[in-house]
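Listed here are the chains, written in short residue letters.
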Amino acid sequence: MKLSTRIVTAVLLIAGSSGAVYAFNKHGDWGMTPEEKVEFVTDRVTKKLELDATQRQNFNELASLVAGIVTDARAEKREQIEELSAMIEQPNFDQARALELVQQKTAMINQKAPQVIASLAIFLDSLNASQKLQVQEFVEHRHRHHGRHDDHRED
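Source: prediction; values computed, not measured.

What counts, and where the lines are drawn
Residues numbered from 1 in each chain as written. Predicted model: local features only at pLDDT ≥ 70, side-chain atom pairs only at ≥ 80, totals over all residues. Heavy atoms only, no water. Helix = DSSP H or I, 4+ residues; strand = E, 2+ residues; numbered from the N terminus. Buried < 20%, exposed > 50% of the residue type's maximum accessible area, 1.4 Å probe, protein only. Contact = heavy atoms within 4.5 Å. Areas by Shrake-Rupley, 256 points an atom, 1.4 Å probe, with all protein chains shown as cover. Core = buried A, V, L, I, M, F, W, Y, C linked by side-chain atoms within 4.5 Å. Expected span 1.5 Å × (residues − 1). Bend = angle between axes of the 7 residues up to and from the residue. Polar contact = N/O pair within 3.5 Å; in protein donor to acceptor, adjacent residues only side chain to side chain. Patch = residues over 30% accessible without salt bridge, like charges linked within 9 Å, V, L, I, M, F, W, Y side chains within 5 Å. Salt bridge = Lys/Arg side-chain N within 4 Å of Asp/Glu carboxyl O. Lys, Arg positive; Asp, Glu negative; His and termini not counted. Charge placed at Lys NZ, Arg CZ, Asp CG, Glu CD. Axes fitted to C-alpha atoms, helices over the stretch in contact; angles between N-to-C directions. Left-handed = near helix turned anticlockwise from the far one by under 90°. Nonpolar A, V, L, I, M, F, W, Y, C, P; charged D, E, K, R; others polar. Parallel < 35°, antiparallel > 145°, perpendicular 65-115°, else oblique.

Quick look at the overall build of the protein chain now. In terms of regular secondary structure, the protein chain is built from six helices and zero strands. From first element to last, N terminus to C terminus, the protein chain shows the α and β order α-α-α-α-α-α. Across the 155 residues in the protein chain, those meeting the buried criterion constitute 34%. In the protein chain, once contacts between residues fewer than 6 apart in sequence are set aside, the share between residues at least 24 apart is 64%. Accessible surface, the protein chain: about 10,000 Å² in total, of which carbon and sulfur atoms supply 53%.

Following this line, the structure appears as structure tokens:
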């Protein structure tokens, strides 16, 4: 999984407490527009956490921001795969260009991260203790059951 995908997924997992948040990222298009996916996920999280109107709006803004980043990343991904494929076909792999592609992705993440973190903070800060506990339990559950595979390796 690419670093950008991991970051987006982590933010979504932290932000919500239902399987819908994970599914939003995992199941691709579902035949829904990004706006419809945001609404679906927001509805699911609202019900699961029993969000009030302000909390729902805060989550909706976070989900919209993340959905925009996912959409942008997917658009760039196709071009990058095509370019990488062309680079592989060459007699010598262009390491400088490959590094540049990675740095472009990293720059995009670095540029968007402050907005995502600020939006995440607004949402999380609006939750009560019980809701925060639900989010925390969901994150821990996701980590235990779908966490990094290398956490279970023996040295």
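This paragraph deals with the nonpolar core. Counting 11 residues, the largest nonpolar core consists of Val38, Val41, Val45, Leu49, Leu51, Phe59, Ala63, Ala67, Phe123, Leu127 and Val135. Of all the secondary-structure elements, those providing two or more residues to this core are α3 (34–49) and α4 (53–89). The biggest single contributor to this core is α3, with four residues. Leu62, Ala73, Met108 and Val116 belong to the second largest nonpolar core, which has nine residues in total.

So, on to helix α5 (residues 95–125). In this model, α5 (31 residues) spans 43 Å end to end at C-alpha, consistent with the 45 Å of a helix rising 1.5 Å per residue. Where α5 bends most, the angle comes to about 35 degrees, and this point is Lys112, followed within four residues by the proline Pro114. Every buried residue of α5 is listed here: Arg97, Ala98, Leu101, Lys105, Met108, Ile109, Val116, Ser119, Leu120 and Phe123. You can read the cap of α5 off the contacts: a side-chain oxygen lies 3.3 Å from the backbone nitrogen of Ala96, and it is on Asp94.

Here the focus is a negative patch on the surface. Together, Asp72, Glu76, Glu79 and Glu82 make up a region of like negative charge exposed at the surface. If you trace the backbone, Glu76 turns up in helix α4.

A separate point is unusual backbone geometry. Even without being glycine, Glu50 reaches a positive phi, approximately 55 degrees. Along the chain, Glu50 turns up in the loop between α3 and α4. Among the residues examined, Glu50 registers a relative accessible area of 68% and is labelled exposed.

Turning our eyes to something else, we now look at the pattern of salt bridges. This model, assessed by the stated rule, comprises four salt bridges. Residue Asp43 is joined to Arg56 by a salt bridge in which the shortest nitrogen-to-oxygen separation is 2.6 Å. Taken together, the positions of Asp43 in helix α3 and Arg56 in helix α4 put the pair 13 residues apart, joining distant regions of the chain. With a relative accessible area of 25%, Arg56 lands in the partly exposed category. Between Arg97 and Glu100 there is a salt bridge, with its nearest N and O atoms 2.7 Å apart. Here Arg97 and its partner Glu100 are both found in helix α5, three residues apart, which amounts to about one turn of the helix. Judged by its relative accessible area of 38%, Glu100 is partly exposed. When salt bridges with common partners are traced through the structure, they connect Glu39, Asp43 and Arg56 into a single cluster.

It is worth spelling out the packing of α3 against α4 at this point. Here α3 crosses α4 at 140 degrees, and the two axes come no closer than 9 Å. Regarding α3 and α4, the two cross each other, and that crossing is right-handed. For the pair formed by α3 and α4, the contact residues are Pro34, Lys37, Val38, Glu39, Val41, Thr42, Asp43, Val45 and Thr46 on the first element and Arg56, Phe59, Asn60, Ala63, Ser64, Ala67, Thr71 and Arg74 on the second. Taken together, the residues that form the contact of α3 with α4 break down as seven nonpolar, five polar and five charged.

Our focus in this paragraph is the packing of α4 against α5. In contact at an axis separation of 10 Å, α4 and α5 are set at 175 degrees when each is read in the N-to-C sense. With respect to each other, α4 and α5 are oriented roughly antiparallel. For the contact of α4 with α5, the per-class residue count stands at 13 nonpolar, six polar and seven charged.

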